[in-house]
Amino acid sequence: MAEVLVVEDDAAVREGLQLALRRQGHVVHTAESGERGIEVLVHQHPDIVVLDLMLPGMDGFETCRRMRVSGPIPIIMLTARSDDFDVVAGLEAGADDYVAKPVEPRVLDARIRAVLRRAVSERPAGGQPEPQERHGDLVIDRAGLEVTKGGAPVSLTPTELKLLLELSRTPGQVFSRQQILAAVWDHDYLGDSRLVDACVQRLRAKIEDVPAKPEHVQTVRGFGYRFGRS
């Protein structure tokens, strides 16, 4: 069970999602606008946000960016558009995943559970904690799920953290986008590789000295990505 905030201006869609997610065992808060969604986020501290892209006033892009200021809250974007630009722009604004309308409640519930699993799936089950990994000035603490760069903490969303943990587990190994989708997004079908590319771009902006010439998360043209050997 999770505490979910649904930000959707269409009352029928909003109420339908609220009812469906409650039936799946979630606690659901709702908001009809981006401004109201931010207020609910600040006061209720939900586990995850389901955010409509096409909102009146403050649209979903700006709402997503402002919500990111509050911390690494997982965000799933809802979009009625098939326009590639809108999907990519939403992911670059900070969304962790997206679901196209009309929304199938079971699909949305599965995506919510998958996103929330990322924050805890890397914790050791027992035994000795793994040592901290050092890659130049980048330090990865798998046991504590913390990342620092130059001694300063790096604030990563659960998806960004899972991506970094998966790639850095085997430096030098090349992962295809579909392999990354399966490992990070838990998609058991041929998912959208734009999720991977947008998340890589956001991760690089946080951990690379020069994102345009990445040292850690490197592109292998025509294949995918790899984590650079120290």
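Tell me what's going on with helix 6 (residues 158–168), and back it up with residues and numbers.
Burial within helix 6 is extensive, with eleven of its eleven residues counted as buried. Those residues of helix 6 that fall on the buried side of the exposure criterion are P158, T159, E160, L161, K162, L163, L164, L165, E166, L167 and S168.

Describe the nonpolar core, with residues and values.
Within the largest apolar cluster, 34 residues are counted, with the highest numbers of intra-cluster contacts made by L163, L164, I180, W185 and V217. If you list the elements that add at least two residues to this core, you get helix 4 (84–92), strand 7 (138–141), helix 6, helix 7 (177–185), helix 8 (194–207) and strand 12 (224–227). In terms of residue count, helix 8 provides more of this core than any other element does, seven residues in total. Discounting chain neighbours no more than four positions away, the residues touching I180 are L163, L167, F175, W185, V196 and Y225.

Hey, could you go over the sheet that holds strand 6 (residues 133–135) for me, with residue numbers and the actual values?
Pairing is antiparallel across the open sheet formed by four strands, whose spatial order is 6-7-8-9. Because the sheet does not close on itself, it has two edges, and the strands there are strand 6 and strand 9 (152–153). Bridge analysis of strand 6 against strand 7 gives three bridges, and the strand direction is antiparallel. Counted as the bridge partner of H135 is L138 from strand 7.

Describe the pattern of salt bridges, naming the residues involved and giving the relevant values.
In this structure the tally under the stated criterion is 16 salt bridges. Between D209 and K149 there is a salt bridge, and its shortest N-O distance comes to 3.0 Å. Of this pair, D209 sits in the loop between helix 8 and strand 11 (217–220) while K149 sits in strand 8 (residues 146–149), and the two are 60 residues apart along the sequence. Look at D209 and you get exposed, because its relative accessible area is 56%. Among the ionic contacts, a cluster of salt bridges with common partners joins E8, D52 and K101.

So, the side chain of D97: which residues are in play, and what are the values?
Locating D97 in the fold gives a position in strand 5 (residues 97–100). Owing to a relative accessible area of 1%, D97 belongs among the buried residues under this scheme. At 3.3 Å, the side chain of D97 and the side chain of R111 are in polar contact.

I'd love a proper account of unusual backbone geometry, names of residues and values included.
In this chain, K101 is followed by P102 through a cis amide linkage whose omega measures -5°. Inspection of the secondary structure assignment puts P102 in the loop between strand 5 and helix 5 (105–117). For H45, which is not a glycine, the phi torsion comes out positive at approximately 50°. The topology assignment puts H45 in the loop between helix 2 (34–44) and strand 3 (48–52). Looking at H45, the relative accessible area reads 58%, which means it is exposed. Although it is not a glycine, L145 sits at a positive phi angle of roughly 55°. Inspection of the secondary structure assignment puts L145 in the loop between strand 7 and strand 8. Relative accessible area serves as the criterion here: at 14%, L145 is assigned to the buried category.

Here is what the cut-offs are and how they apply
- Residues numbered from 1 in each chain as written.
- Predicted model: local features only at pLDDT ≥ 70, side-chain atom pairs only at ≥ 80, totals over all residues.
- Heavy atoms only, no water.
- Buried < 20%, exposed > 50% of the residue type's maximum accessible area, 1.4 Å probe, protein only.
- Helix = DSSP H or I, 4+ residues; strand = E, 2+ residues; numbered from the N terminus.
- Core = buried A, V, L, I, M, F, W, Y, C linked by side-chain atoms within 4.5 Å.
- Contact = heavy atoms within 4.5 Å.
- Pairing = 2+ DSSP bridges.
- Salt bridge = Lys/Arg side-chain N within 4 Å of Asp/Glu carboxyl O.
- Polar contact = N/O pair within 3.5 Å; in protein donor to acceptor, adjacent residues only side chain to side chain.

Function-wise, these values are silent; they only describe arrangement.
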